[in-house]
Amino acid sequence: MDKEKVLNILRNSSNLPLDLIRRLLSDKDKDIKHEAWNYVILNINDKEFLLELLSFHDTGTRYRAWNSVPEFVERGILTLEEVIKRKERFLEMLKDSNKVVRALSWYVTLKPLLEMKVVSLEEVLSYSSFLCELINSEFHEVVQDVMEEFEISCKFI
């Protein structure tokens, strides 16, 4: 199926099979993945599927799921306890090989999860070397902001 047709289906449907959504959330095309995520936010209230996304193999999609945890909990779809049981899958993203996922997990997703007490600062600090690895990358400013906010120091030899 061509890209425009897939995007059109995602934008104009409300009851697509979850297997299809899973496949599209793993698609190599970023536009399709983005639109599949928009579909999830607008149409999916299935607790088991959303919990599955917190451990999803594609870390770009997993990042989006964790970023939406406050909304899912506030809407009563997921409970804090269910999320906490899966926190290791968030912590893995703090050291992810995909630098975009890693930087955004530190910069965007971490603070709300700390505020909700999904993770503790002590747990997170054990991953700080993975944040520090990004100091000389295109994410330099993000790293600086996170270091300041959470009082993380990067020691370089």
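Below is a short write-up of the structure. Keep in mind that this is a model prediction, so the values were computed, not measured.

1. A short note on the nonpolar core
Proteins that are soluble and globular tend to have nonpolar side chains buried together.
Here is step 1: Counting residues in hydrophobic clusters, the biggest one holds 53 residues, and the most contacted among them are Leu25, Val40, Leu53, Trp66, Phe90, Trp106 and Val119.
Here is step 2: Among all residues touching tryptophan 66, those that are not within four sequence positions of it are Leu54, Val83, Arg86, Lys87, Arg89, Phe90, Met93, Thr109, Leu113 and Val118.

2. Comments concerning the environment of aspartate 145
Here is step 1: Residue placement: aspartate 145 occurs in helix α12 (residues 140–150).
Here is step 2: The spacing of aspartate 145 and tyrosine 107 is 38 residues in sequence and 7.8 Å in space, taken between C-alpha atoms.
Here is step 3: Within the local environment of aspartate 145, its side chain forms a polar contact with the side chain of tyrosine 107, the two groups lying 3.4 Å apart.

3. A word on the packing of helix α3 (residues 30–43) against helix α5 (residues 59–67)
Here is step 1: Contact geometry of α3 with α5 gives a least axis separation of 11 Å together with a crossing angle of 30 degrees. Considered as vectors, α3 and α5 are oriented roughly parallel to each other. Considering the relative orientation of α3 and α5, their crossing is right-handed. For the pair formed by α3 and α5, the contact residues are Lys33, His34 and Trp37 on the first element and Gly60, Thr61, Arg64 and Ala65 on the second.
Here is step 2: When its residues are assigned to classes, the contact of α3 with α5 shows two nonpolar, three polar and two charged.

4. What to know about α5
Here is step 1: The element α5 is extensively covered by neighbouring structure, given that seven of its nine residues are classed as buried.
Here is step 2: Along α5, the residues that are buried comprise Thr59, Gly60, Thr61, Arg62, Tyr63, Ala65 and Trp66.
Here is step 3: The N-terminus of α5 is capped by aspartate 58, whose side-chain oxygen sits 3.0 Å from the backbone nitrogen of glycine 60.

Criteria and thresholds
- Residues numbered from 1 in each chain as written.
- Predicted model: local features only at pLDDT ≥ 70, side-chain atom pairs only at ≥ 80, totals over all residues.
- Heavy atoms only, no water.
- Core = buried A, V, L, I, M, F, W, Y, C linked by side-chain atoms within 4.5 Å.
- Buried < 20%, exposed > 50% of the residue type's maximum accessible area, 1.4 Å probe, protein only.
- Contact = heavy atoms within 4.5 Å.
- Helix = DSSP H or I, 4+ residues; strand = E, 2+ residues; numbered from the N terminus.
- Polar contact = N/O pair within 3.5 Å; in protein donor to acceptor, adjacent residues only side chain to side chain.
- Axes fitted to C-alpha atoms, helices over the stretch in contact; angles between N-to-C directions.
- Parallel < 35°, antiparallel > 145°, perpendicular 65-115°, else oblique.
- Left-handed = near helix turned anticlockwise from the far one by under 90°.
- Nonpolar A, V, L, I, M, F, W, Y, C, P; charged D, E, K, R; others polar.

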